[in-house]
Amino acid sequence: MSAQNPKVAVVGATGAVGREMLEVLAQRQFPASEVVPFASARSAGSKVEFAGGELTVRELTEDSFAGFDLALFSAGGSTSEKFAPLAAKAGCVVVDNSSAWRMDPSCPLVVPEVNPKDLEWHKGIIANPNCSTIQMVVALKPLHDEARIKRIVVSTYQAVSGTGQKAIVELETQTARLMNGQEVIPQVYPYQIAFNCLPQIDVFMENGYTKEEMKMVNETKKIMGDDTIRVTATTVRVPVFFSHSESVNIETETKLTVEDVRSILTQAPGITVADYPEKKIYPMPIDAAGQDDVFVGRIREDESIDNGINLWIVADNIRKGAALNAVQIGEELIRRNLLRVPK
């Protein structure tokens, strides 16, 4: 066991994101000395796929983290609130995918393409941002560095996989029933999701925004390191299985042309520019699903203001929006020799 060949725990390994974390660890040949999946007592003893074989899931307990260097959490906020501090106390660095630690001022909120230096002040727990925020800031940070973004207006079109496996099943079931003339009874969402759009993700706040919308507002400012950026968001659940799409309008301090934006984003890490309107080429959820990159297209000037740009941003919410970003944080910790809990 060493910081260069860490022993890795995957917490919530039987869920959609946990399984994707295992797949990404294997695909990227993460230099782990051992990978161990953890889940609740009811899943203990079950098997999960890893690197062409299978691993046996262990029950998550308060003593689970002895001897581990890195833990990737995707088991919900309450689990993270209880077990992440225990892991850190045991000397295991946590990368947490829930919202529990994102706005904690003592915890870095990191997207490796955007703010990897924030890892330098971690105290044992690092937060993985919201999926819709991750893909947006990957695309916007290079533009912010070039021309300083003053304002962001974003509307999202978010896949049901963001809610979990039960939502995927609900969309499948509802679609099949409706195509056969049968009635549907919503269980996961408050209304039918098949052939519909729901302008509510998470609960409503006192200001009329949903919790998901305020996550995008607050997380964007923290990740970009600029509280002066004005952000407003509308988040919508759509009947798509994988990949979130976003319509993003930015206003910059200095002018960017369409050619400027294409050039900047083409050279930026983790981005694929798919912007050839004359050929009807633009990012779509079905193309981004299973891919690592954030895809950007429909780049055009906002003719209603002096320094405005419109973009269409698409990424796999389970992969770059969760599992891949967490693994990339682990890779960056190793690269920077930061895979340790400060005393």
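Everything numeric in this text was worked out from a predicted model, so none of it was measured.

The strand order across the open sheet formed by six strands is β5-β2-β1-β6-β7-β8, and the pairing between neighbours is parallel. Looking at strand neighbours, the two that pair on one side only are β5 (58-59) and β8 (125-127), the edges of this open sheet.

On to the sheet that holds strand β14 (residues 308-315). Spatial strand order, β10-β9-β11-β14-β13-β12: six strands in an open sheet with mixed pairing. The open sheet has two edge strands with one neighbour each: β10 (230-237) and β12 (271-273). In this sheet, neighbouring strand axes are inclined to one another by 20° on average, regardless of whether the strands run parallel or antiparallel. Taken together, the three bridges between β12 and strand β13 (residues 294-301) define a ladder with parallel strand orientation. Paired with Thr-272 across the bridge in β13 is Phe-295.

Next up on the list: unusual backbone geometry. One non-glycine residue, Phe-195, lies in positive phi territory at about 60°. Here Phe-195 lies in the loop between α4 (165-179) and α5 (211-224).

A few words on helix α2 (residues 77-89). Over its 13 residues, α2 runs 18 Å from end to end, which matches the ideal 18 Å to within 8%, given 1.5 Å per residue. At Phe-83, α2 shows its largest bend, some 30°, and a proline, Pro-85, comes one to four positions later. Among the residues of α2, those classed as buried are Thr-79, Ser-80, Phe-83, Ala-84, Ala-87 and Ala-88. Once α2 ends, the next one or two residues include Gly-91, with phi positive near 90°.

Another point: the environment of Ile-334. Structurally, Ile-334 is set in helix α8 (residues 319-335). C-alpha of Ile-334 to C-alpha of Asp-275: the two residues are 59 residues apart in sequence and 35 Å apart in space.

A word on the packing of helix α3 (residues 131-147) against α8. Where α3 meets α8, the axes come as close as 8 Å, and the angle between the chain directions of the two elements is 85°. As summarised for this structure, α3 and α8 are arranged roughly perpendicular, according to the angle between their axes. Along its contact with α3, which presents Cys-131, Ile-134 and Val-138, the element α8 presents Lys-320, Gly-321 and Asn-325. Across the contact of α3 with α8, the residue classes tally to three nonpolar, two polar and one charged.

The next thing to look at is the pairing of strand β9 (residues 149-158). The sheet contact formed by β9 and strand β11 (residues 244-252) spans eight bridges and is antiparallel. Considered in β11, the bridge of Val-154 is made with Val-248. Looking at chain direction, β9 and β10 are connected through eight bridges and run parallel. Its bridge partner being in β10, Tyr-157 is matched across the sheet by Val-236.

Every second residue of strand β7 (residues 93-96) is oriented toward a common face, with Val-93 and Val-95 on one face and Val-94 and Asp-96 on the other, all of them buried. Note that strand β6 (residues 70-73) and β7 share four bridges and pair parallel. Among the inter-strand pairings, Leu-72 is bridged to a residue of β7, identified as Val-95. With respect to chirality, the unit in which β6 leads through α2 into the neighbouring parallel β7 is right-handed. Across three bridges, β7 lies against β8 in parallel orientation. Note that in β8 the partner of Asp-96 across the bridge is Ala-127.

Conventions we followed
- Residues numbered from 1 in each chain as written.
- Predicted model: local features only at pLDDT ≥ 70, side-chain atom pairs only at ≥ 80, totals over all residues.
- Heavy atoms only, no water.
- Pairing = 2+ DSSP bridges.
- Helix = DSSP H or I, 4+ residues; strand = E, 2+ residues; numbered from the N terminus.
- Axes fitted to C-alpha atoms, helices over the stretch in contact; angles between N-to-C directions.
- Expected span 1.5 Å × (residues − 1).
- Bend = angle between axes of the 7 residues up to and from the residue.
- Buried < 20%, exposed > 50% of the residue type's maximum accessible area, 1.4 Å probe, protein only.
- Parallel < 35°, antiparallel > 145°, perpendicular 65-115°, else oblique.
- Contact = heavy atoms within 4.5 Å.
- Nonpolar A, V, L, I, M, F, W, Y, C, P; charged D, E, K, R; others polar.
- Right-handed = clockwise from strand over helix to strand, strands pointing away.

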